[in-house]
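Here is how the chains run, residue by residue.
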Amino acid sequence: MSDAPLALFRSRFGLDDRQLEAAIGTALEREVDHADLFFELSTSDAVVLEEGIVKSGDRHLGQGVGVRVQSGERQGYAHSDEISLESLTLAASTARAISERPGGARSVAVAGAGAPVRDLYPVATAPTDVPVGEKVALLDAVDRYVRQRDPRIVQVMASLVTQQRHVMIAASDGRLVADVQPLVRINVQVIAEGADGRREVGYQGAGGRFELAELVRPERWQAVADEAVRLALVNLEAGPCPAGTMDVVLGPGWPGILLHEAVGHGLEGDFNRKKTSAFSDRLGQRVAAPGVTVVDDGTLPGRRGSLNVDDEGTPTQRTVLIADGILRGYLQDRLNARLMGMEPTGNGRRESYAHLPMPRMTNTFMLAGQDDPEEIVRSVQRGLYAVTFGGGQVDITSGKFVFSASEAYRIEDGRITAPVKGATLIGNGPEALQRIRGIGHDLALDRGVGTCGKDGQSVPVGVGLPTVRIDGLTVGGTEG
Amino acid sequence: MSGLPPEEAVRRAIERTLAHGAHSADALHVESDAVEARVRGEQIDFVTQARERALGIRAFVRGASGLRSALTSTSDLAADAVDRLAEDTVALARATAEDACAGLPEEGFAEHWPDLALLDPDDRRVTVEARIAGAREAEAAARAVDPRIANSEGSEVGSTFLRVRYASSAGFDGGYEAASHFLSSAPVASENGAMQYDHWVTAARRMGDLEDPARVGRRAAERAVGLLGARRVATCEVPVVFDATTARSLLGNLASCLSGYAIYRGSSFLARRLGEPVASPLVTVVDDGHRPGGLGSKPFDGEGQSTGRRTVVDRGRLEGWMLDCYSARKLGLSTTGNASRGPGSAPGVAPTNLWIEPGDASEAELVADTPRGLLVTGLFGHGFNPVTGDFSRGARGFWIENGRAVHPVDEITVAGNLGDMLAAVDGVAREIHWFGRVAAPALRVARMTVAGS
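This report concerns the structure included in the present document. Residue numbering note: each chain is counted from 1, following its sequence as written. Chains carry letters from A onward and ligands carry numbers from 1 onward, assigned in written order. Only residues with pLDDT of at least 70 are given local features in this predicted model, and only at 80 or more are side-chain atom pairs given and counted; all residues enter the totals for whole chains, interfaces and linings. Based on all heavy atoms of the structure, the side-chain values leave hydrogens and waters out of the count.

### Examining the overall build of chain B
Inference 1: Segments assigned H or I by DSSP are reported as helices when at least four residues long, segments assigned E as strands when at least two residues long, and all are numbered from the N terminus. Counting its regular elements, chain B contains 9 helices and 21 strands.
Inference 2: Computation of the radius of gyration draws on C-alpha atoms alone. For the globule rule, the value is 2.2 Å times the number of residues to the power 0.38. At 24 Å, chain B has a C-alpha radius of gyration in line with the 22 Å of a compact globule built from 453 residues.
Inference 3: Taken across its 453 residues, chain B has 63% of its residues classed as buried.
Inference 4: Across chain B, the fraction of contacts at a sequence separation of at least 24, relative to all contacts at a separation of at least 6, is 72%.
Inference 5: Accessible surface, chain B: about 16500 Å² in total, of which carbon and sulfur atoms supply 47%.
Inference 6: The centroid of the 49 positive side-chain charges in chain B is displaced by 2 Å from the centroid of its 60 negative side-chain charges. Each residue's exposure class comes from its accessible area (1.4 Å probe, protein chains only) as a fraction of the maximum for that residue type: buried when under 20%, exposed when over 50%, partly exposed otherwise. When checking whether two residues touch, look at their non-hydrogen atoms; a contact exists if any pair is within 4.5 Å. Using a 1.4 Å probe, accessible areas were evaluated by the Shrake-Rupley method; residue-level cover was limited to the displayed protein chains. By the counting rule applied here, Lys and Arg register as positive and Asp and Glu as negative, while His and the ends of each chain are not counted. Throughout, a charge is located at the NZ atom of Lys, the CZ atom of Arg, the CG atom of Asp or the CD atom of Glu.

### Let's talk about the overall build of chain A
Inference 1: In terms of regular secondary structure, chain A is built from 11 helices and 23 strands.
Inference 2: Relative to the compact-globule value of 23 Å for 480 residues, chain A shows a C-alpha radius of gyration of 24 Å, a close match.
Inference 3: Dimensions of chain A along its principal axes, counting C-alpha atoms only, are 75 × 55 × 35 Å.
Inference 4: By residue count, 65% of the 480 residues in chain A fall in the buried class.
Inference 5: Expressed as a percentage of contacts within chain A between residues at least 6 apart in sequence, the contacts between residues at least 24 apart total 75%.
Inference 6: Surface accessibility of chain A: about 15800 Å² in total, with carbon and sulfur atoms responsible for 50%.
Inference 7: A gap of 3 Å separates the mean positions of the 51 positive and 63 negative side-chain charges of chain A.

### Quick look at unusual backbone geometry
Inference 1: Even without being a glycine, Lys275 of chain A presents a positive backbone phi close to 60°.
Inference 2: The residue Asp455 of chain A is not glycine, and still its phi comes out positive at about 50°.

### Concerning the sheet that holds strand S14 (residues 354-356) of chain B
Inference 1: Should DSSP find at least two bridges between two strands, the strands are taken to pair. Taken in spatial order, the 5 strands line up as S11-S10-S9-S14-S20 (chain B) in an open sheet, and their pairing is mixed. Both edges of this open sheet fall to strand S11 (317-318) and strand S20 (438-439) of chain B, since each of them pairs with a single strand only.

### Here we look at the packing of aromatic side chains
Inference 1: By convention, a stacked pair of Phe, Tyr or Trp rings (six-membered ring in the case of Trp) has centres within 6.5 Å and planes under 30 degrees apart, an edge-to-face pair has planes over 60 apart, and any other such pair is tilted. Counting across every chain of the model gives 16 aromatic pairs over all chains.
Inference 2: A connected cluster of aromatic rings, assembled from ring pairs, spans Phe109, Trp113, Tyr166, Phe172, Tyr176 and Phe300 of chain B.
Inference 3: The lysine or arginine in question, Arg350 of chain A, covers the ring of Phe38 of chain A, its NZ or CZ lying 3.9 Å from the ring centre.
Inference 4: Here, over-ring charges are defined by two tests on the NZ atom of lysine or the CZ atom of arginine: distance to the ring centre within 6 Å, and angle to the ring normal within 35 degrees. The ring centre of Trp434 of chain B lies 4.1 Å from the NZ or CZ of Arg291 of chain B, which sits over that ring.

### Things to note about the pattern of salt bridges
It is possible for side chains bearing opposite charge to pair when their charged atoms get close.
Residue and element names in this part refer to chain B.
Inference 1: A side-chain nitrogen of Lys or Arg and a carboxyl oxygen of Asp or Glu constitute a salt bridge if their distance falls within 4 Å. The final tally for this structure, using the stated rule, is 76 salt bridges over all chains.
Inference 2: Here Glu31 ties to Arg163 by a salt bridge, and the two come within 3.5 Å at their closest N and O atoms. Of this pair, Glu31 sits in strand S1 (residues 24-40) while Arg163 sits in strand S4 (residues 149-168), and the two are 132 residues apart along the sequence.
Inference 3: A residue is classified by how much of its surface remains accessible, and Glu31, at 9% relative accessible area, is buried.
Inference 4: By relative accessible area, which is 35% here, Arg163 ends up partly exposed.
Inference 5: One salt bridge in this structure joins Arg223 and Asp198, with 3.3 Å as the shortest N-O distance.

### A few points about the interface of chain A and chain B
Inference 1: Counting from both sides, the interface comprises 72 residues of chain A and, opposite them, 70 residues of chain B.
Inference 2: In this assembly, chain A packs against chain B so that about 5600 Å² is buried in total across both faces, 49% of it on carbon and sulfur atoms.
Inference 3: Counting the surface chain A buries against chain B, the share from its top three residues, Asp81, Lys274 and Thr397 of chain A, is 11%.
Inference 4: The tally of links from chain A across to chain B stands at 11 salt bridges.
Inference 5: For the salt bridge of Asp455 of chain A with Arg38 of chain B, the shortest nitrogen-to-oxygen distance reads 3.2 Å.
Inference 6: Between N or O atoms, a polar contact is any pair within 3.5 Å; within protein, one atom must be a potential hydrogen donor and the other a potential acceptor, and residues adjacent in sequence are included only when both atoms are from side chains. One can count 40 residue pairs in polar contact (both at pLDDT 80 or more) joining chain A with chain B. What counts as buried area is the accessible surface, traced by a 1.4 Å probe, that two parts surrender upon association, with contributions from both included.

### Quick word on the packing of helix H2 (residues 17-27) of chain A against helix H3 (residues 85-95) of chain A
Residues and elements named next belong to chain A.
Inference 1: Note on geometry: axes are lines fitted to C-alpha atoms, helical ones only across the stretch in contact, with angles between N-to-C directions running from 0 to 180 degrees. Orientation of H2 relative to H3, taken along the N-to-C sense of each, is 20°, at an axis distance of 8 Å. As summarised for this structure, H2 and H3 are arranged roughly parallel, according to the angle between their axes. In terms of crossing hand, the pair formed by H2 and H3 is right-handed. Note on element contacts: H3 touches H2 through Leu85, Leu88, Thr89, Ala92 and Ser93, opposite Gln19, Ala23, Thr26 and Ala27. Throughout this description, any angle smaller than 35 degrees is read as roughly parallel, any larger than 145 degrees as roughly antiparallel, any in the 65 to 115 degree range as roughly perpendicular, and the remainder as oblique. Put simply, a crossing is left-handed when the front helix is turned counterclockwise from the back one by less than a right angle, and right-handed when it is turned clockwise.

### Describing the nonpolar core
Inference 1: Among the buried residues, those of types Ala, Val, Leu, Ile, Met, Phe, Trp, Tyr and Cys that are joined through side-chain atoms within 4.5 Å form a nonpolar core. In terms of nonpolar packing, the biggest core is built from 55 residues, with Phe242, Leu270, Val285, Leu374, Val414 and Val450 of chain B touching the most fellow members.
Inference 2: Counting residues per element, this core draws most heavily on helix H5 (residues 244-256) of chain B, at 5 residues.
Inference 3: Beyond its immediate stretch of four places on either side in the chain, Val414 of chain B contacts Phe242, Leu374, Val376, Leu379, Phe391, Ser392, Arg393, Ala395, Met448, Thr449 and Val450 of chain B.
Inference 4: Leu6, Phe9, Ala27 and Ala35 of chain A belong to the second largest nonpolar core, which has 46 residues in total.

Next comes the structure, spelled out in structure tokens:
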């Protein structure tokens, strides 16, 4: 990878290293622990199809810079959508107000390779540079394909979203790094209507950090469309969901959202530094059944949650959170790592220059076990088999998590039987994973559609899971 | 700041867009000044400050059977950047399909509006230090409520000042200023190794209308302490009282099913129910863009259309949808002034200020009148399907025996169908609390499924 990302910021905004150093120097005129500059330049495009036509095209250009100063637990932050030496200096003086004490004269020399040591998502053509006509043609093809799949499909909505995000980070420790982050995503949503007039929705998406050409391959988008259609048709047949506590088998892939909600958020450094997480002070303790190993890995090539460097310039890594059921690690940004005496793990992320970074997940998944997935289902007398999910949420402090299945079936005498609708699962993070009774050999990652929200900031993430059995989860249906 | 001033930016954007061959165009410029701070314990956690601008351009290009459209946005307000964007917008529009319903409104533009009390100019002069003092006061009050409050996620204050300028080639050009302020507190209560978190927030257009910081801290702390010792209850079917914070969330679910987009797409369970009873006669829902000081109040909507007061559900009967021009044309109706947009988003439908009219009872009386049931004070998860109305969400709150809240409950779900739930509302409280643009008094639903142990 070249230093092209750095050159872009230098040429476009006329900023050289001396000016960056001067801005950081302004921040350092007070006694502070750390100061950094975050530059961002992004283009995002969306085309949306509905009722058989691409009704609109969007294009958004974003640019800005944020200046951050840390002093103890305090952070001062100022950001501007104007990238210039003047706006930088002003922002630096605003941000440093967090510290009242004057600092010693310090000078900073920014240096570094400028580019991350590896490139997890090289693309020859930025997805936002692909002509809009090609994107429209793809959605038209999706629409035609879906409509001939089944006469019960009455609505098709499809969208294609592409983004190219350039970031540059310069910090008081001399770090200077830039990255270019492509992101593509296709969504297909269909509504099916049964003979009785009943309507149900089916939704599927796919994406990641790769060439748009990947998604344009028919086998790729057709699989997404097929899945949306299948889900809508399954839901047309779905009956009421049982209510109460039961044994649940989660299918591979996207149900990994369980880990994201049940343990992932609770292991973010900020909550643990403040001791407001149900997992606070539990390093070294058993929080999951033997055999359960959970990692967060930002280094998987082309994945939606992957990054070469996080939004503080720290290279991403594979962090073991839970090893064989024992809590081993937290997800850290620089602030919380420093305050906890730990190392940053490359999880300092932010939605944009208009936000402070926080510890966030990248791709979070459970490693495969040795059990046969079919055998796992057969082991359950009466329970629920849940394979596709909508969203989830967690209360970090009490540890209670909830997530909603969009495809689920009853398990009766070890067999998967009737589909049920609207199954919401609720449990307690530190306890639920201790009740895992079987781990399949079929680890799968999701298709690249996850978005995680925290404190009003959204970032792309990935999840993954092998088939697992969890005993005693509460299933929120309507049938007592 | 460099770049074009707002009035000139929107004028130039429209001019350039038309010059490149667009049939019509509009432009929205939003400028914001924001400050936010959080105090945790006695320490400042963060202070952020920002000034931002954004310009959004929409272009419509004539085709044989309708208009093609596109939207672009940028924060680069240099004249040449605006010119380039205008040209790009027209090019992008040419790539989309013709749509007989696309286009700007030709009439119905807002001309006069009352003083909506969207801003107190004095609030601009409040220093960052004074704002932080409010957060400190809330934080201290929360921690003083009970020795079991020993920790928190902090108390936060924030203010945003907005200047909105919108113009269209159909002849509208208007602007307004508005502000919003909030103060919140999020204490953590702990006992016997278990922790519970809750929060309380106050939000208003004028700082003078915010609740007293100490009161916010105390209410948040009382809510968190009240949840200590929460446990599951056995799966059952019982009456459920939703407090004002959670009833509001139900109304939000309902609002998503009343959007004109969901109606013409057939993706709302209410799509074929116009004019029919859809809720108990105790339920009246009002949308009013002119509510003085309302967090959703605005003199004109995202298409320059007049906003005003409408009854959406009248004593249980569904009176109408919430519409912008596009969804109105799709349904052969007129816009209701519910177009909502930002510079980077095309108009969509959103409530202005939406509420359920208060009833006669107090929330305490609703509970006292419930022999055995559940009081829900927190809902979480996304278990609502607008296409079917199926509702199943995580909940916490209090178990009610003989009209008294006897112990806190969590790790349960409440489930039903929103249509059935609205029809089964048999109590509406009189207290209403505005946390945002949607508000509701406490409600009791005669019967729902509670899933627990």
